[in-house]
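Summary of structural features
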Amino acid sequence: MAKRKNTNPKTTKKKKKLFSDERIKIILGVTTIFIAAFLTLAFISYFFTWKVDQSFQFSKVVSPAEVSVENWSGKAGAHFANLFINNWFGIASFTFPFLLVVIGFRFFKIKIYSIRKAFKITIIGTIILSVLLGYLFGNSNGYLGSGLGGSHGYVIAQWLNSFLGKVGTAFLLFVVIVSFVILSFRKTYDWLIKISSQLFRKELTEFIDQEEVHQSTVADTESTKNEKTTEIEKESEDEELIFTTKRNNATDSKKEQSTPPETADPANTSKENKDEDIELTIEEKHKEEARNGSLKNYQLEDYDPTLELSSYNLPPLDLLEDHGKDTNGEIDKDEIINNKNRIVETLANYKIQIDKIKATVGPTVTLYEIIPAPGVRISKIKNLEDDIALSLAALGIRIIAPIPGRGTIGIEVPNQKPEIVSMRSILESKVFSESKYDLAIGLGKTISNDTYVIDLAKMPHLLVAGATGQGKSVGLNAIIASLLYKKHPAQLKFVMVDPKKVELTLYTKIEKHFLAKLPDTEEAIITDTQKVVNTLNSLCIEMDQRYDMLKAAQVRNIKEYNAKFIARKLNPEKGHKYLPYIVVVVDEFADLIMTAGKEIEGPIARLAQLARAIGIHLIIATQRPSTNIITGVIKANFPARIAFRVSSMIDSRTILDSPGANQLIGRGDMLISTGGDLVRLQCAFIDTPELDEITDYIGGQQSYPSAFMLPEYTPEGAEEIGEVDFSKRDAMFEDAARLVVRHQQGSTSLIQRKFSIGYNRAGRIIDQLEAANIVGPFEGSKARQVLFQDEYSLEQYLKDFLENV
């Protein structure tokens, strides 16, 4: 009888926890570094004590205490030193302590060298160096026992000498060493190529120059009698350059000639000029080559948007629980067979014959695919939905007739024992971890148990609807958690709207990392309806500003813009900056529509229509998917929609434009439509304690000084500024004026950030700048206009303006 393997998940989990424990890593690191230091000390001591310790029997490390050795590391050190240096590799053995040091420091997360390269250098380099030393020094008259190369190096070197001869062995060792150095050290290869190319270029340049000099000498000798030469002397601090010109420019020659032709010796003058021309030509040519070479070698590194928080680490998967571990995932074959027989029997009662039936088991639902006999109408099977549900005694049956692309009819039947799909299983799946999506979202698993991952950047907005308690809030948390596990704070920002005031409060801990807000608001999670209106209008301003940047950069979308900015092809002094994605999460849209109506719907529709290209994406959730909440304008701009269980077919048609959501079984069972066919999923489950640990982990790391500031927005009808007394102007008035002109952006938040002052003071400075006609008045959703184009005109204006104050 075969012995069963122990596949206890608890044992496997204990092993994983053992090696992921930081304390174990510290112990292993200290131990490894100690062994490296011990071996190094033993090897060094061996050079001085090997003769004295020759009488010690190295095979007997455990010997009586009366037997002593001179090695500084004791008997163990003497044994290992003799083993490595005498019996094996000689002084090349010092590479082994180096490898242990690299491994030891890696346990402390300190990378002093690549472990992979260290292994390669230790193994291959030790062998090559040992043979080289054995070839060069032999056994060195018995020094260190077997010589500098150890027994290994000496024996192999002697064998190569007898096989190839000394010259052949030397050539072989030279080729092997050069090949090893070139393959192991990239910089060495680049240096050799650079040196050889420079030497070759120098020899070629000198040869060409000598040919040109020879030809010009012959030509000048023949035309000496018919041409005159003139000298133009230009002195500088370092050198004197002498140019020669032909008589082609007769007028300039007469003006600049300093020596009369009668007194000058044409032959000597021609000879001197030729020599100076030769020297000048070569010198200038080399200077130009050096200049071009330096320009080619000089290249700016790409801009790193994550540099400010370079120590930020993505949350580990250990913070999540595996909720599906209690269910063994086994298929209940009896249940599947019984359901299949009942489906066949029910169809047979209505004289509907089928040729084939196949079952696909999912986490919560099993799909039975049937192929009806020829001549059977699909509508006849679809009308039997309630009868099949009655025969199976199931909560809700959904018939897909036909399944697109398969040529079969699908009957979805809920499982008696549904399986929980944990968020951890989604995030650690290969589909999610290796996805190249810009905004990857892991939603759950399909009926065929495949992980379903989608790109929010391509959706580009998402509408979520479902009755109370059907998994809508858990779905939102799963979406947010997916993004937090994939993105750095520099690459993503959230705008969170929570009218219920309790659903999204956990995310306040990551305010300075991931959240965006208005400059004058204290809380990043928006709960007040008026602040929601202001925030959405502020996002419209941000959208317009980003489109202006894209236009100036001559790109079409945020991905191209950021790629251009990272490659340093855009000048930050001209207002360009790295643009993070902004995801707007609205938990209860119906409440906002009821309280604010058109004030909310207007900016939402505008963002949904235009904000896709510039990286602003909306996720709107509601528990009332009625037509007065989800209007035609909103539906037209939200092609991607998620429906959890709803109470009626009308609500299902409102959200999905088709029935089906009313037949779901709840508890995370959902349908998703991305503009095409419907896909049924079991939403991933993430519990509140898990979210708490994730936000604690992120919030405990280094953060930005404040949340991401959106552009300021003043509602229409706000108070206009009154009389401004410039004799009591702010001390930073002139600096602020120069700042807004330099950036061409009249913004309170800009002044607040640059000068590290409060919002109220920055607002008063903007009022003073407006009263002084330096920036224009507030224009609703548009940014303030800066009335000066450069700082020079501003300085002239300030000088005259402040004199008259």
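To be clear, the structure that these remarks concern was listed above.
Definitions and cut-offs
Residues numbered from 1 in each chain as written. Predicted model: local features only at pLDDT ≥ 70, side-chain atom pairs only at ≥ 80, totals over all residues. Heavy atoms only, no water. Salt bridge = Lys/Arg side-chain N within 4 Å of Asp/Glu carboxyl O. Helix = DSSP H or I, 4+ residues; strand = E, 2+ residues; numbered from the N terminus. Buried < 20%, exposed > 50% of the residue type's maximum accessible area, 1.4 Å probe, protein only. Patch = residues over 30% accessible without salt bridge, like charges linked within 9 Å, V, L, I, M, F, W, Y side chains within 5 Å. Areas by Shrake-Rupley, 256 points an atom, 1.4 Å probe, with all protein chains shown as cover. Lys, Arg positive; Asp, Glu negative; His and termini not counted. Charge placed at Lys NZ, Arg CZ, Asp CG, Glu CD. Pairing = 2+ DSSP bridges. Axes fitted to C-alpha atoms, helices over the stretch in contact; angles between N-to-C directions. Parallel < 35°, antiparallel > 145°, perpendicular 65-115°, else oblique. Contact = heavy atoms within 4.5 Å. Core = buried A, V, L, I, M, F, W, Y, C linked by side-chain atoms within 4.5 Å. Polar contact = N/O pair within 3.5 Å; in protein donor to acceptor, adjacent residues only side chain to side chain. Nonpolar A, V, L, I, M, F, W, Y, C, P; charged D, E, K, R; others polar.

Quick word on the pattern of salt bridges
All told, the structure shown has 23 salt bridges when counted by the stated rule. A salt bridge links Asp544 to Arg606, with the nearest nitrogen and oxygen atoms 3.1 Å apart. Of the two residues, Asp544 sits in helix H17 (residues 529-553) while Arg606 sits in helix H20 (residues 598-610), which places them 62 residues apart along the sequence. Overall, Asp544 belongs to the partly exposed group, its relative accessible area being 23%. Here Asp735 and Arg738 are joined by a salt bridge, their closest N and O atoms 3.2 Å apart.

Some words on a negative patch on the surface
A cluster of acidic residues, Glu321, Asp322, Asp687 and Glu693, forms a negative patch at the surface. With respect to the helices and strands, the residue Asp687 is situated in the loop between strand E16 (678-683) and helix H23 (688-699). A relative accessible area of 31% means that Asp687 is categorised as partly exposed.

Topic: the pairing of strand E13 (residues 616-622)
Among the seven residues of E13, seven are classified as buried, and the element is accordingly described as predominantly covered. Of the two faces of E13, the one carrying Ile616, Leu618, Ile620 and Thr622 and the one carrying His617, Ile619 and Ala621 are both buried. Summarising the sheet, strand E9 (residues 462-465) and E13 pair through four bridges and their orientation is parallel. Bridge assignment links Ala465 to a residue of E13, and that residue is Thr622. Bridging between strand E12 (residues 581-586) and E13 involves five bridges; their strand directions are parallel. For Ile582, the partnering residue across the bridge sits in E13 and is Ile616.

Quick notes on the packing of helix H19 (residues 589-596) against H20
Viewed as axis vectors pointing N to C, H19 and H20 meet at an angle of 125 degrees, and their least axial separation amounts to 6 Å. Looking at the two axes, H19 sits oblique to H20. When H19 is examined against H20, the residues Phe589, Leu592, Ile593 and Ala596 are found in contact with a partner set consisting of Lys598, Glu599, Ile600, Glu601 and Ile604.

What to know about the side chain of Thr748
Here Thr748 lies in helix H25 (residues 748-755). Not counting residues within four places of it along the chain, the set of residues in contact with Thr748 comprises Glu712, Tyr759, Ala762, Gly763 and Ile766.

Observations concerning the nonpolar core
General note: in soluble globular proteins, nonpolar side chains tend to be found buried as a group. Among the nonpolar cores identified, the biggest contains 111 residues, and Leu443, Phe494 and Ile600 are the most heavily contacted of them. Residue contributions to this core peak at nine residues, all from H17. Those residues in contact with Phe494 that sit more than four places away from it in its chain are Ile480, Leu483, Leu484, Phe514, Leu515, Ala516, Val583 and Val585. Within the second largest apolar cluster, 22 residues are counted, among which are Leu750, Val775, Leu794 and Phe801.

Describing the environment of Thr595
With respect to the helices and strands, Thr595 occurs in helix H19. Residues Thr595 and Gln530, 65 residues apart in the sequence, show an inter-C-alpha distance of 9.5 Å. One polar contact links the side chain of Thr595 to the main-chain carbonyl oxygen of Asp591, over a distance of 2.9 Å.

Points about the side chain of Thr695
The residue Thr695 is located in helix H23 in this model. Filtering out sequence-adjacent residues up to four positions away, Thr695 remains in contact with Leu506, Tyr507, Lys509 and Ile510.

Digging into the packing of H17 against H19
One way to put it is that H17 packs onto H19 with a least axis distance of 10 Å and a crossing angle of 95 degrees. In this view, H17 runs roughly perpendicular relative to H19, as classed from their interaxial angle. Residue-level contacts link Thr529, Val532 and Val533 of H17 to Leu592, Thr595 and Ala596 of H19. Taken together, the residues of the contact of H17 with H19 break down into four nonpolar, two polar and no charged.

Here's the deal with the pairing of strand E5 (residues 398-403)
Where E5 lies against strand E6 (residues 408-414), four bridges are found, and the strand directions are antiparallel. Bridging across to E6, Arg398 finds its partner in Glu412. Connecting the antiparallel pair E5 and E6 is a turn made up of four residues, with Gly405 showing a positive phi of about 85 degrees.

Side note on the sheet that holds strand E14 (residues 640-643)
On the basis of which strands lie adjacent, the open sheet formed by nine strands has the order E8-E7-E16-E15-E14-E9-E13-E12-E10 and mixed pairing. In the strand order of this sheet, the two ends are held by strand E8 (451-455) and strand E10 (492-497), each with one partner. Across the sheet, the axes of successive neighbouring strands diverge by a mean angle of 30 degrees, strand direction being ignored. Here five bridges tie strand E15 (residues 669-674) to E16, and the two strands are oriented antiparallel to one another. Note on E16: the bridge partner recorded for Met670 is Leu681. Of the strands in this sheet, E9, E14, E15 and E16 touch helix H22 (residues 649-656), which is tilted by about 155 degrees from E14.

A few points about unusual backbone geometry
With glycine set apart, most residues show a phi of negative sign, and most peptide bonds adopt trans. The omega torsion across Met459 and Pro460 is -10 degrees, close enough to zero to call that bond cis. Among the secondary structure elements, Pro460 is positioned in the loop between E8 and E9. A positive phi angle is found at Lys501, which is not glycine, with a value near 70 degrees. Along the chain, Lys501 falls in the loop between E10 and helix H16 (511-514). Phi at Gln744 is positive, roughly 50 degrees, even though this residue is not glycine.

Notes on the sheet that holds E6
Where strands meet in a sheet, backbone hydrogen bonds hold them as pairs that are either parallel or antiparallel. Ordered by their spatial adjacency, four strands build an open sheet running E3-E4-E6-E5, and the pairing between neighbours is antiparallel. Sheet topology places strand E3 (354-361) and E5 at the edges, where each strand pairs with a single neighbour. Ignoring which end each strand starts from, the neighbouring axes of this sheet average 20 degrees apart. Across the sheet, helix H10 (residues 333-349) lies against E3, strand E4 (365-372) and E6, angled at about 145 degrees from E3, the strand it touches most.

With respect to the environment of Gly153
For Gly153, the location among the structural elements is in helix H6 (residues 150-184). Taking the C-alpha atoms as reference points, Gly153 and Ser130, separated by 23 residues in sequence, lie 4.5 Å from one another. The contact partners of Gly153, leaving out residues within four places of it in the chain, are Trp88, Ser130, Val131 and Gly134.

Overview of a positive patch on the surface
Together, Arg106, Lys111, Arg116, Lys117 and Lys120 make up a positively charged patch on the protein surface. With three residues, the single largest contributor to the positive patch is helix H5 (residues 115-137).

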